[in-house]
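Below are the chains, spelled out letter by letter.
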Amino acid sequence: MSRVSSAALVSLAILVSGCNAFTSTYTRCGSVSSVFGQQQQSSSALNLTPLPKGISPFEKSLSKNIDIQGDFRKSSKRAIDAAIGNNMKRVEIEFPPLLGGSQSKSQFDDFDNIQELDKNKEWTMQLAPTFLGEKEYQKGRVWMIFPDLKECELAKAEWAGQRYQEATFTTIQAVTNYLATGENSGGGYDAPWGENLMSGLSKIMGGKDGDAGLLGDQASLDPLVEGENSPARLWLVIQPGNGGPVEDWVNCEKMALSSPDTTMVVINGALDKVRGGFYPAVFFPKLAATVDRFWKKFEPAFYLKPFSDKGVYGWLYRVYPEPWQVHLEIVKPGKDGNAEVEYMLVDTMDEKPSYDKVVSMLLSASQANK
């Protein structure tokens, strides 16, 4: 369904769970220096990818004039290639999709799920062609997997160039129905509540002419043909579940089980919420069952998360196969009333730190920096 979620259940779930996932408000940062409690060093001195420029909410004039998302894509492509080279089949990409350009927005600005989805769609449409230089990704072997039919329809119309159309345009539902029928797949497509009703209504309204297209135009789906564009080499799954039905996440596991040799890259799928208990098992048992056996096995390849908590600002950052970086954002009064932003590398680590751990590190670094 077009970004329709079980709102009542989710609202109740939030009240019950008191979740400790990455759901607090966040902030934007960059990169410069200091190993926590020790002599300061820069990211470059440690051979780490530096934080992208212009990501701070206090650098809006800069962020609106540079291609931040283009920088994210370059780093993501490099990280995805490295992960695939190490035989990683489950890859996570997480970043703020609204940063950069004339309409740049940070976590402090008003925006809705549709704006996020549009930007994630645009970002992924521009990522897909970067794989086409290699033969194994050509002839439709890169699948653009949209959360619903309407988004697939819109993308196919908006991105009509040949380099974009070389990818296979499809949806979570279409892929699940195509693949997830075997004994080990967990069954067929899990339809969100209300989708069957809307589908039936669309067919009734279409009458003798067929489906009225309330959920999107079926003609926008590319055929999935064994031996031609199937099996896929790479799945780019755009914003599953995040702002939409939780069944997206359930169906992603079914897809993966049915094609274990295909690399699945999930773009801004809010996996921290899924893994962190945001959706209590009592209300979402099918989703809860996927967490340990599937979602916790994803490798964060490009990950950039802003933090804003207890008066400190910072970032958690990673570009695979590098270690995790925690950066403190320091905002100082500058010339002409404009703020000056500096970034301090607080620490690096091999394992992803928890939300509370990152906040604690930022607080300690902030106090030591005063």
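Predicted, not measured: the structure shown is a model, and the values here were computed from it. (Residues numbered from 1 in each chain as written. Predicted model: local features only at pLDDT ≥ 70, side-chain atom pairs only at ≥ 80, totals over all residues. Heavy atoms only, no water.)

Asker: So what about the overall build of the protein chain? Which residues, and what values?
Answerer: What the protein chain contains, in helices and strands, is 12 helices and 9 strands. Counting all 370 residues of the protein chain, 53% fall into the buried class. Just so you have it, the protein chain exposes about 16,700 Å², and 51% of that area is on carbon and sulfur atoms. (Helix = DSSP H or I, 4+ residues; strand = E, 2+ residues; numbered from the N terminus. Buried < 20%, exposed > 50% of the residue type's maximum accessible area, 1.4 Å probe, protein only. Areas by Shrake-Rupley, 256 points an atom, 1.4 Å probe, with all protein chains shown as cover.)

Asker: Talk me through the nonpolar core; I want residue IDs and the actual numbers.
Answerer: Ranked by size, the top nonpolar core spans 42 residues in total, and within it Ile55, Ile93 and Leu236 carry the most contacts. The leading source of residues in this core is helix H3 (residues 68–85), at 6 residues. Counting 29 residues, the second largest nonpolar core, distinct from the first, contains Ile172, Leu179, Val246 and Val274. (Core = buried A, V, L, I, M, F, W, Y, C linked by side-chain atoms within 4.5 Å.)

Asker: Break down the sheet that holds strand E6 (residues 299–309) for me, citing the residues and quoting the values.
Answerer: Reading across the sheet, the 9 strands line up as E3-E2-E4-E5-E1-E6-E7-E8-E9 and stay open at both edges, with mixed pairing between neighbours. Strands at the two margins of the open sheet, each flanked by one partner only, are strand E3 (168–171) and strand E9 (339–349). Averaged over all neighbouring strand pairs, the angle between strand axes comes to 25°, with direction disregarded. Note: strand E2 (residues 142–146) against strand E4 (residues 234–238), 4 bridges, orientation parallel. (Pairing = 2+ DSSP bridges. Axes fitted to C-alpha atoms, helices over the stretch in contact; angles between N-to-C directions.)

Asker: Requested: an account of H3, with residues and values cited.
Answerer: With 18 residues, H3 extends 26 Å between its outermost C-alpha atoms, agreeing within 8% with the 26 Å of an ideal straight helix rising 1.5 Å per residue. Ile68, Gln69, Gly70, Phe72, Arg73, Ser75, Ser76, Lys77, Ala79, Ile80, Ala83 and Ile84 are the residues of H3 that are buried. Just past H3, the residue asparagine 87 takes up positive phi, approximately 65°. (Expected span 1.5 Å × (residues − 1).)

Asker: Residue-level account of the packing of aromatic side chains, with values.
Answerer: In total, this model carries 18 aromatic pairs according to the counting rule given. Centroid distance phenylalanine 131 to tyrosine 137: 5.2 Å. Interplanar angle 65°. Geometry classified as edge-to-face. Per residue, the accessibility class of phenylalanine 131 equals that of tyrosine 137, and both read buried. With a centroid separation of 5.1 Å and 25° between ring planes, the pair formed by phenylalanine 307 and tyrosine 355 is classed as stacked. Of this pair, phenylalanine 307 sits in strand E6 while tyrosine 355 is found in helix H12 (residues 355–369), placing the two residues 48 residues apart along the sequence. The class for phenylalanine 307 is buried, based on a relative accessible area of 0%. Three or more aromatic residues joined by ring pairs make a cluster, and in this case those are Phe72, Phe95, Trp123, Phe302 and Tyr317. (Phe/Tyr/Trp six-rings, centres within 6.5 Å; stacked < 30°, edge-to-face > 60°.)

Asker: I'd like a rundown of the packing of helix H7 (residues 172–179) against helix H9 (residues 247–258), residues and numbers included.
Answerer: Packing of H7 against H9 leaves a shortest axis separation of 9 Å and a crossing angle of 40°. Relative to H9, the element H7 is oriented oblique. Helix-helix and strand crossings are classified by hand; for H7 and H9 the assignment is left-handed. Listed contacts from H9 to Ile172, Val175, Thr176 and Leu179 of H7 are Asp248, Asn251, Cys252, Lys254, Met255 and Ser258. Residues belonging to the contact of H7 with H9 are distributed by class as follows: 5 nonpolar, 3 polar and 2 charged. (Parallel < 35°, antiparallel > 145°, perpendicular 65-115°, else oblique. Left-handed = near helix turned anticlockwise from the far one by under 90°. Contact = heavy atoms within 4.5 Å. Nonpolar A, V, L, I, M, F, W, Y, C, P; charged D, E, K, R; others polar.)

Asker: Outline H9, listing residues and values.
Answerer: The terminal C-alpha atoms of H9, which comprises 12 residues, lie 17 Å apart, in line with the 16 Å expected from a rise of 1.5 Å per residue. Of all 12 residues in H9, 10 are buried, a share of seventy percent or more. All of the buried residues along H9 are Glu247, Asp248, Trp249, Val250, Asn251, Cys252, Glu253, Lys254, Met255 and Ala256.

Asker: Please set out the side chain of serine 63 residue by residue, giving values where relevant.
Answerer: The residue serine 63 is located in helix H2 (residues 60–63) in this model. Setting aside residues no more than four positions away along its own chain, serine 63 makes contact with Gly54, Ile68, Gly100, Gly101 and Ser104.

Asker: Before we move on, could you go through the environment of glutamate 228 and cite the residues and values that matter?
Answerer: Summarising the element assignment, glutamate 228 is placed in the loop between helix H8 (195–206) and E4. The class for glutamate 228 is exposed, based on a relative accessible area of 54%. Remark: the alpha-carbon pair of glutamate 228 and glycine 140, spanning 88 residues in sequence, is separated by 7.8 Å. Not counting residues up to four positions away in its chain, the partners in contact with glutamate 228 are Lys139 and Arg141.

Asker: Describe in detail the pairing of strand E5 (residues 263–267), supporting the description with residues and values.
Answerer: In terms of residue burial, E5 counts as a mostly covered element, since 5 of its 5 residues are buried. Side-chain alternation along E5 places Thr263, Val265 and Ile267 on one buried face and Met264 and Val266 on a second face that is also buried. Both strand E1 (residues 90–94) and E5 contribute to a ladder of 4 bridges, which runs parallel. Bridge pairing in E5 places glutamate 92 opposite valine 266. The sheet contact formed by E4 and E5 spans 5 bridges and is parallel. By the bridge assignment for E5, leucine 236 is matched with valine 265.

Asker: Give me the lowdown on unusual backbone geometry, citing residues and values where you can.
Answerer: Residue proline 231 is reached from serine 230 by a cis peptide bond, and omega for that bond is 5°. Position of proline 231 relative to the elements: it lies in the loop between H8 and E4. At the junction of tyrosine 320 and proline 321, the peptide bond is cis and its omega measures out at 5° in the coordinates. Note on placement: proline 321 falls in the loop between strand E7 (312–319) and strand E8 (324–333).

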